[in-house]
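Examination of the molecular architecture
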Amino acid sequence: MGDVILSVEGLRKRYGERLVLDSVSFAVRPGEVVAVVGPNGAGKSTLLRCIVGLARYEAGRVTIGGFDAARQGKSARRQLGYLAQEPAFPGDMTVMEAVALFAGLRRVERGEALATVRELRLDGELGKRIAELSGGMRRRLALAVSSLGRPPLLVLDEPASGLDVALKAELREFVRRYRESGRSVLFATHVLEDIPRLADRVLVLANGRAVYLGPSAGLLMGAGESLVYVRANGAGSRAVEELLRAALPGREVRRVEEWVIVACSREEKLRALRELLESGVPVDDVRTEEAPVEEAVRALTEGHR
Amino acid sequence: MREIGLLAQQELREAARSRWLPAFGFGLAFVVWLAASAQATGPAFGGGFNRTTAGLLNVVLVVVPAFGMMLGALRWAGERERGALALVLAQPVGRTELLLATVLGCWLGVGLAIAFGLGLGGALLVLFVPLGSVREYVFFLLVAGALAGASVSLGVLFGVLGGGRLRAFGIALFAWLLFTVAYDLFFVALFAAAEPSGRLFVLAALGNPVEAARVLTVLFVQPDLEVLGPIGAYLRDRLGVGAAAALLSSALVLWVVLPLAVASALFRQQDV
């Protein structure tokens, strides 16, 4: 188990009659960032809550840092930090009281806890009551609390939800630094634009089942299509249009003003660009646009609804 | 243990911050002052601490269970509803540890309010009545503290059972009515309908923390038949004051431990 910080095997969970997780299995390696995506109700939050020990499961096994989460819950939770989708702090405490309480629970020295607070630029807020903080600040505090003691695994449920652009960028930077320090991050999100930038691998859930587990680049290649834009002047654009039609039979080639546009797979894109280059047809510009992640996830999950 | 200490401290801090706990403490002090001043001006002047204690007992037996149960139920269910329990339980903290810390913190809060209210009241009482029978008054204070523990423990159990604040409040209110009003009426009706057995007397005394606290206090403060009632009189006659007090004290301890154990067993099966 040394090469895996989190192992989930055959996890099954029901809410009443409804099966919300159906034999989900995956692992997270040290220094890896894994994103969990899927449509609403796919089981993303439930999966994370089962891992953290907040939700009970009827079958399967969760191991965190070698500790069985069901039987050695406290030791397992010592290996992780958790940021809930809507984090709430007990009672009516100040930021300092929260940091002191959670540092105490995680057995983190005061100096180390304050360093985490400084890293997330909360040191100016220590005397404030949590109720007085803005939503973004409260989320930042929850992130600080979850990362106290630098646990080997961070579990984040919709970490970017409700954050403004600047805070989102800070969060991405935080996750990047966390990964660079050799630790792992598992996060559920529906902000799919973050996936190529943040995640090494993606777990796509649909109706409680894992329908894709692999590199985020593979998610785009496997399910989506690319758009190829070629710009040429006058007769050149007609020549480009004909060349693409010949290279990509069955594909619709359109002309919009000076641009010739075709949607195709990754292999077809490479073939078309190669033939375009070899043909010597003069072109002014070539652009490609990868299929949006939303498209890829939708394609993967559509049949499982 | 460290985790329990930290969380109980936090509970106590929250209890101290709330307006209800100081209000409860000052309310109790005011009631003691009223009782003492009535005693000083009325015909019963000279009854000392015992007379005042007997008078206060009825107030404490109603107010302490109400406050303890409501506090336990609403603290637990409220924090759960807000999602704060999830944040705590995502730390290396056991579920039973969190329950224990909540009961301890709330108990300590109510206990301090009782100590403040009855203690301040007792100090004021010295101004009106001769300083005698203080030992019994302190014993009464301890029994009130134990009853607070049982009430808080039951309250937290109701919080676990209820899930949300509203349901937890409903269960706690129902239980309070049951323990303080319906229980007595039930046994009065039962004793009137049939010749009560010794076992029934014991059951009646131990099956309700409020009744156990009442009989235990009266045993020490004014152990005559009229005030003890049939249940207390039976226990005193059959077991003697010492053994009866030990039995009732154990019952109060069990009333703290058992609800907590049931709450722990239930909560371990629940999602947070």
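Please refer to the structure higher up on the page.
For the structure given in this document, a descriptive report is provided here.

Scoring rules and cut-offs
- Numbering of residues begins from 1 in every chain and follows the order in which that chain's sequence is written.
- Chains and ligands are labelled by the order in which they are written, letters from A for the one and numbers from 1 for the other.
- Local features in this predicted model are restricted to residues whose pLDDT is 70 or higher, and side-chain atom pairs enter the listing and the counts only when it is 80 or higher, whereas totals over whole chains, interfaces and linings include all residues.
- Hydrogen atoms and water are omitted, and side-chain values are computed over all heavy atoms in the structure.
- Only heavy atoms enter the contact rule, under which two residues are in contact if any of them lie within 4.5 Å.
- Using a 1.4 Å probe, buried area is obtained as the accessible area two parts lose upon being combined, added over both of them.
- We define a salt bridge as a contact between a side-chain nitrogen of Lys or Arg and a carboxyl oxygen of Asp or Glu at a distance within 4 Å.
- Polar contact is defined as a pair of N or O atoms within 3.5 Å, subject to the rule that within protein one atom must be able to donate a hydrogen and the other to accept it, and that residues adjacent in sequence are counted only when both atoms are side-chain atoms.
- Note on conventions: DSSP H or I runs of at least 4 residues are helices, E runs of at least 2 residues are strands, and numbering of each starts at the N terminus.
- When residues are grouped by polarity, Ala, Val, Leu, Ile, Met, Phe, Trp, Tyr, Cys and Pro land in nonpolar, Asp, Glu, Lys and Arg in charged, and all others, Gly among them, in polar.
- Between the rings of Phe, Tyr and Trp (Trp by its six-membered ring), a pair exists once the centres lie within 6.5 Å; its type follows the angle of the planes, with under 30 degrees stacked, over 60 edge-to-face, and the other angles tilted.
- Here, over-ring charges are defined by two tests on the NZ atom of lysine or the CZ atom of arginine: distance to the ring centre within 6 Å, and angle to the ring normal within 35 degrees.
- In this scheme, a residue with accessible area under 20% of its type's maximum is buried, one over 50% is exposed, and one in between is partly exposed, where area comes from a 1.4 Å probe on protein chains only.
- Any two strands with at least two DSSP-identified bridges between them are counted as paired.
- An axis is simply a line fitted to the C-alpha atoms; with a helix, the fit covers only the stretch in contact. Between two such axes, the angle follows the N-to-C directions and lies from 0 to 180 degrees.

**A word on the interface of chain B and chain A**
Contacts between the two partners involve 29 residues from chain B and, on the opposite side, 27 residues from chain A. Between chain B and chain A, a total of about 2,600 Å² is buried, with carbon and sulfur atoms accounting for 52% of that surface. Inspection of the region where chain B meets chain A yields 7 salt bridges. A salt bridge links R78(A) to E3(B); its shortest N-O distance comes to 3.9 Å. Counting every contact that joins chain B to chain A gives 19 residue pairs in polar contact (both at pLDDT 80 or more). Counting only elements with at least two residues in the side of chain B that touches chain A, the list comes to α1 (2-17), α3 (48-82), α4 (84-89) and α5 (95-128) of chain B. Within the side of chain B that touches chain A, the residues separate by chemical class into 11 nonpolar, 6 polar and 12 charged.

**Let's talk about the packing of aromatic side chains**
The tally for this structure, following the rule as stated, stands at 9 aromatic pairs over all chains. Ring geometry for F24(B) and F67(B): centres 4.3 Å apart, planes at 0°, overall stacked. With a gap of 43 residues between them, F24(B) in helix α2 (residues 20-41) and F67(B) in helix α3 connect regions that are remote in the sequence. Between F26(B) and F116(B), the aromatic rings sit 4.9 Å apart at their centres with planes inclined by 80°, giving edge-to-face as the arrangement. Highlighted residues: F26(B) in helix α2 and F116(B) in helix α5, separated in sequence by 90 residues. In this structure, R183(A) packs its charged tip against the face of Y178(A), placed 6.0 Å from the ring centre. Sitting over the ring of F267(B), R95(B) keeps its end group 4.9 Å from the ring centre.

**Digging into the pattern of salt bridges**
All names here are of chain A. Applying the stated criterion across every chain yields a total of 34 salt bridges over all chains. E32 serves as the salt-bridge partner of R29, at 3.2 Å between the closest nitrogen and oxygen. Of the residues examined, E32 reaches a relative accessible area of 5% and is grouped as buried. For E173, the salt bridge goes to R176, with nearest N and O atoms at 2.2 Å. Taken as a pair, E173 and R176 lie in helix α6 (residues 165-180) at a separation of 3 residues, close to a single helical turn.

**Quick look at the sheet that holds strand β3 (residues 33-37) of chain A**
By way of backbone hydrogen bonds, the strands of a sheet pair with one another, either parallel or antiparallel. All names here are of chain A. Strands sit in the order β6-β7-β8-β3-β9-β10 across an open sheet of 6 strands; the sheet is mixed. The open sheet is flanked by β6 (80-83) and β10 (209-215), the only strands paired with a single partner. With direction set aside, neighbouring strand axes in the sheet form an average angle of 15°. One ladder, built from 4 bridges, connects β6 with strand β7 (residues 153-157); its direction is parallel. Bridging from a neighbouring strand, G81 pairs with L154 of β7. Across the face of the sheet, helix α5 (residues 135-146) comes into contact with β6 and β7 while running at roughly 165° to β6. Across the face of the sheet, helix α11 (residues 293-301) comes into contact with β3, β9 (201-206) and β10 while running at roughly 45° to β9.

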